[in-house]
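Residues per chain are reported as follows:
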Amino acid sequence: MSLRDDNGINVVGNSIGHDLEAVLDEDTQNSLLLNDFFEAKLDDYTQGEVRYPISSLAEGLHKIRVKAWDIANNSSEGYTEFIVASSADIALKHVLNYPNPFTDRTCFQFEHSASNQQIDILLQVYTISGRLVKTIETSVLSDGALRQGDCIEWDGRDDFGDKLARGVYLYKIKVRANLPGGSALKGESKFEKLVLLK
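In what follows, the accompanying structure is described. (Residues numbered from 1 in each chain as written. Predicted model: local features only at pLDDT ≥ 70, side-chain atom pairs only at ≥ 80, totals over all residues. Heavy atoms only, no water.)

### Observations concerning the sheet that holds strand 5 (residues 44–50)
Turning to step 1, where the next piece is worked out: Taken in spatial order, the three strands of this open sheet run 1-5-4, and their pairing is antiparallel. Edge strands, defined here as strands with exactly one partner in the open sheet, are strand 1 (2–4) and strand 4 (38–41). Strand after strand, the sheet turns through a mean of 30° between neighbouring axes, direction not considered. (Pairing = 2+ DSSP bridges. Helix = DSSP H or I, 4+ residues; strand = E, 2+ residues; numbered from the N terminus. Axes fitted to C-alpha atoms, helices over the stretch in contact; angles between N-to-C directions.)

### Regarding the packing of aromatic side chains
The geometry of two aromatic rings is summed up by the distance between their centres and the angle between their planes.
Turning to step 1, where the next piece is worked out: Taken as a whole and assessed by the stated rule, the structure comprises five aromatic pairs.
Turning to step 2, where the next piece is worked out: Seen from their ring centres, Y126 and F191 are 5.6 Å apart, and the 80° between their planes marks the pair as edge-to-face. Placement of Y126 in strand 10 (residues 117–127) and of F191 in the loop between strand 15 (184–188) and strand 16 (192–196) is noted, with a sequence separation of 65 residues between them. (Phe/Tyr/Trp six-rings, centres within 6.5 Å; stacked < 30°, edge-to-face > 60°.)

### Here we look at the environment of I64
Turning to step 1, where the next piece is worked out: Position of I64 relative to the elements: it lies in strand 6 (residues 60–69).
Turning to step 2, where the next piece is worked out: Linking I64 and G78, residues 14 residues apart in sequence, is a C-alpha distance of 8.4 Å.

### Here we look at the pairing of strand 9 (residues 106–112)
Look at any regular strand and the pattern is simple: side chains alternate between the two faces of the sheet.
Turning to step 1, where the next piece is worked out: Of all seven residues in strand 9, six are buried; the element is thus mostly enclosed.
Turning to step 2, where the next piece is worked out: Sheet topology note: the strand 8 (residues 92–98)/strand 9 ladder contains five bridges and is antiparallel. Bridging across to strand 9, N97 finds its partner in F108.
Turning to step 3, where the next piece is worked out: Pairing between strand 9 and strand 13 (residues 152–154): three bridges, direction antiparallel. Bridged to C107 within strand 13 is E153. (Buried < 20%, exposed > 50% of the residue type's maximum accessible area, 1.4 Å probe, protein only.)

### Re the side chain of T46
Turning to step 1, where the next piece is worked out: Along the chain, T46 falls in strand 5.
Turning to step 2, where the next piece is worked out: Take T46: its relative accessible area is 14%, and that puts it in the buried class.
Turning to step 3, where the next piece is worked out: Of note is the side chain of T46, whose polar atom sits 2.6 Å from the side chain of D44.
Turning to step 4, where the next piece is worked out: Those residues in contact with T46 that sit more than four places away from it in its chain are L3, R4, D5, D6 and G8. (Polar contact = N/O pair within 3.5 Å; in protein donor to acceptor, adjacent residues only side chain to side chain. Contact = heavy atoms within 4.5 Å.)

### Examining the nonpolar core
Turning to step 1, where the next piece is worked out: With 23 residues, the main nonpolar core has F110, I121, W154, Y171 and I173 as its most contacted residues.
Turning to step 2, where the next piece is worked out: Listed by contribution, the elements that provide at least two residues to this core are strand 8, strand 9, strand 10, strand 11 (132–142), strand 13, strand 14 (167–178) and strand 16.
Turning to step 3, where the next piece is worked out: For this core, the element with the highest residue contribution is strand 14, accounting for five residues.
Turning to step 4, where the next piece is worked out: Contact partners of Y171, with chain neighbours within four places excluded, come to V95, L96, N97, F108, L123, Q124, V125, K190, F191, E192, K193 and L194.
Turning to step 5, where the next piece is worked out: The next biggest cluster of nonpolar side chains, apart from the first, holds 12 residues, and it includes I9, L20, A22 and F38. (Core = buried A, V, L, I, M, F, W, Y, C linked by side-chain atoms within 4.5 Å.)

### Structural notes on the pairing of strand 14
Turning to step 1, where the next piece is worked out: In terms of strand pairing, strand 10 meets strand 14 through nine bridges, oriented antiparallel. Across the sheet, Y126 pairs through a bridge with L170, a residue of strand 14.
Turning to step 2, where the next piece is worked out: Pairing analysis gives five bridges linking strand 14 to strand 16, with the strands arranged antiparallel. Residue pairing for strand 16: L170 is matched across the bridge by K193.
Turning to step 3, where the next piece is worked out: Examined bridge by bridge, strand 14 and strand 15 share five bridges and lie antiparallel to one another. Pairing of A177 across the sheet is with L185, part of strand 15.

Here's what the structure looks like:
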């Protein structure tokens, strides 16, 4: 993180409560002392960077608030959110539809690694021969799982509103979470089977 102040950043820590510190995920009992991790820009005492190693964070959304003081004892705070992911992709797990087989209604559910994020969902249903027959697009704010109460429902009809024939179909789920700065996390499931009964 970059810091700048015309008076210079106070990282001496010689006044009680005037340290350069951060609070991660609102955990005020375990604030992070950043004084020793500040490095001033070469030949410019008014700005610099803090590089603090944070490890063992759970995947998902995190928040950090940083408070800094200048040498004239004026303080300022900054706040940002960030996502921890084991890869650049959103992992989808436990993808299923219930009931399966179904006659007039089924509910698609899954778990994902983009908890507490607004995610765009694209669900596509195909015939066994690979012809796309139904596309469902929606957007949800989820805690990391779509369960029966907030699942994606489907009535067994194609994109034209016609009831599909009895048989086995394949489906795939794709998700996307937009991040600050215009980047995005994406993920998709493998093909799963569903059975439609008349």
